[in-house]
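Survey of secondary and tertiary structure
Spelled out, the chains give:
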Amino acid sequence: MDLQLEPAHAAFRDEVRAFLRERLPPELRDRVRRGLRPSREQTVQWQRTLHERGWAAPHWPREFGGADLGQMERLILVDELQRAPAPMPLHFNVTMLGPVLLRYGTPEQKRDWLPRLARLDVWFCQGFSEPGAGSDLASLRTAARREGDHYVVNGQKIWTTYAHMADWIFCLVRTDPGATRKQEGISFLLVDLRSPGITIRPIQTIDGEHHLNEVFFDNVRVPVANRVGDEHRGWDVTKYLLGSERTGLAYVGTSRDRLDRALELARGTRDGARRVIDGPAVQAEFARVDAELRGLEIANWRLLLSEAAQRDNPAFASVLKLKGVEIQQQIAELMLRIAGPAGLARCDDEEDNARADRAAPATRFLFSRASSIYGGTSEVQKDVLARSILG
């Protein structure tokens, strides 16, 4: 649904829609809609297209490649990109590392890194999780020993998304093993993945794709100048990173596009003599998911536009993430049920579009299971909510 907007905001929405009609390549739109990952080249080219308008990093200052957009315009932009659907700007660059550098970076780091991050001249990945340090991130053991103007890094990261495509990685490392509290003695480093001593091993996930990797550090030398923030105070940087960008957390636009795709599939798939969409149970399921999605959309806008709501409910981000994930998984399951046995097939990019459309539900359903893990597990979000509500 389209919420009622002030004339200026409605005009901005129309501007974004016109831009997407004119500049989003149809083959890229189709690829995203079918659940296929864009190539690195397509991702870079599209982000540079957005960057021409300042929309790759819309919340950044103009001097670093942003557009200084307010929260309302950012919400509209994210929603329209997700609904198009179009690839989102690389979040490791734009919504994670960029805000950290704006807050904690030196003037030289801001000048050198931010324009390149916005244009995607350099591709970052995130080196946080380790074996035994996932949800309990402060238990990390990757160590960095200082030798003059370098750190020597040894350890392992795991579940590192797109490390095989990235140029650099931002890492949490332990620089003071004798710190009293495990959240202390951690530093935040930028590491060139081409450095000697780095090994990247692929992890194939249940959907059959290669998104994730293990990254090993064996006496990797990293200049001290690549540290962001104070030595041993990387946990402060991390907390800011994880809480700095909440716009788009609920993925309302993405879910709306996928629900529309599910409806198309139900109209085009037959169950015996009738279309799947004509079944009363299927119609009831669509109505239920649509109602929940509309409720989430209203909550998303209300919470993100109200400073009072955010102040009075500091766990609001957990609400949006938790419910957004549930709806994404419900839609993925609904599409798989509609597709039936044909939805369990697999096909590669070279096969015809019709087969790819019918095979996509299985891949998307399997990948959707991860959405309740990454970015803070659903169990952790519920703990956050319980502490916020019950004290």
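Residues numbered from 1 in each chain as written. Predicted model: local features only at pLDDT ≥ 70, side-chain atom pairs only at ≥ 80, totals over all residues. Heavy atoms only, no water.

Before going further, it helps to examine the packing of helix α4 (residues 71–83) against helix α8 (residues 252–268). To describe two helices that pack against each other, one gives the angle between their axes and the distance between the axes. Between α4 and α8, the shortest axis-to-axis distance is 7 Å and the interhelical angle comes to 25°. By the angle class used here, α4 and α8 are roughly parallel. The two elements α4 and α8 meet at a crossing, and its hand is right-handed. Residues Asp79, Gln82 and Arg83 of α4 pack against Val252, Gly253, Thr254, Arg256 and Asp257 of α8. In terms of residue class, the contact of α4 with α8 is built from one nonpolar, three polar and four charged. (Axes fitted to C-alpha atoms, helices over the stretch in contact; angles between N-to-C directions. Helix = DSSP H or I, 4+ residues; strand = E, 2+ residues; numbered from the N terminus. Parallel < 35°, antiparallel > 145°, perpendicular 65-115°, else oblique. Left-handed = near helix turned anticlockwise from the far one by under 90°. Contact = heavy atoms within 4.5 Å. Nonpolar A, V, L, I, M, F, W, Y, C, P; charged D, E, K, R; others polar.)

Attention shifts here to the packing of α4 against helix α9 (residues 280–305). The contact between α4 and α9 brings their axes to 10 Å, and the two run at 150°. Taken together, α4 and α9 sit at an angle that is classed as roughly antiparallel. Seen along the crossing, α4 lies across α9 with a hand that is right-handed. Facing α4, whose interface residues are Gln71, Met72, Leu75, Ile76 and Arg83, α9 presents Glu297, Asn300, Trp301, Leu304 and Leu305. Split into classes, the residues belonging to the contact of α4 with α9 amount to six nonpolar, two polar and two charged.

Here the UniProt-annotated "domain: Acyl-CoA oxidase/dehydrogenase middle" (unreviewed entry) positions come out as residues 125–220. Here residues 125–220 runs as 0% helix and 50% strand, with 17 Å between its end C-alpha atoms. (UniProt positions renumbered as here; feature names shortened; annotations may be inferred.)

Right, let's get into the pattern of salt bridges. Applying the stated criterion to the full structure yields 29 salt bridges. In this structure, Arg146 and Glu231 form a salt bridge, with 3.5 Å as the shortest nitrogen-oxygen distance. Placement of Arg146 in strand β2 (residues 143–147) and of Glu231 in the loop between β8 (227–228) and α7 (234–243) is noted, with a sequence separation of 85 residues between them. When the shortest N-O distance is used, the salt bridge between Arg256 and Asp290 registers 2.8 Å. One end of the pair, Arg256, is in helix α8; the other, Asp290, is in helix α9, with 34 residues separating them in the sequence. The buried category is assigned to Arg256, whose relative accessible area is 9%. One network of salt bridges, in which partners are shared, links Glu285, Arg288, Glu292, Lys323, Glu326, Glu333 and Arg337. (Salt bridge = Lys/Arg side-chain N within 4 Å of Asp/Glu carboxyl O. Buried < 20%, exposed > 50% of the residue type's maximum accessible area, 1.4 Å probe, protein only.)

Further remarks concern the domain arrangement of the protein chain. Segmentation of the protein chain into domains returns domain 1 (7–89), domain 2 (124–233) and domain 3 (246–390). Residue-level contacts link 16 residues of domain 1 with 20 residues of domain 3. Counting the surface lost from both domain 1 and domain 3, the interface buries some 1700 Å², and carbon and sulfur atoms represent 51% of this. The three residues of domain 1 that bury the most area against domain 3 are Arg34, Leu75 and Gln82, which together make up 39% of that side's buried surface. Counting across the interface, domain 1 meets domain 3 through two salt bridges. In this structure, Asp257 engages Arg33 in a salt bridge whose closest nitrogen and oxygen atoms are separated by 2.9 Å. Of all the secondary-structure elements, those providing two or more residues to the side of domain 1 that touches domain 3 are α2 (26–33) and α4. Top element by residues in the side of domain 1 that touches domain 3 is α4. It accounts for nine residues. (Domains from an automatic or database assignment. Buried area = accessible area lost by both parts, 1.4 Å probe.)

Moving on, we come to α2. Along α2, the positions that sit buried rather than exposed are Leu28, Arg31 and Val32. Each buried residue of α2 sits inside an arc of 95° when the element is viewed along its axis, so together they form one side. Within α2, the exposed residues directed more than 90 degrees away from the buried face are Pro26 and Glu27. One or two residues past the end of α2 sits Gly35, with phi positive at roughly 85°. (Arc of directions from axis to C-beta.)

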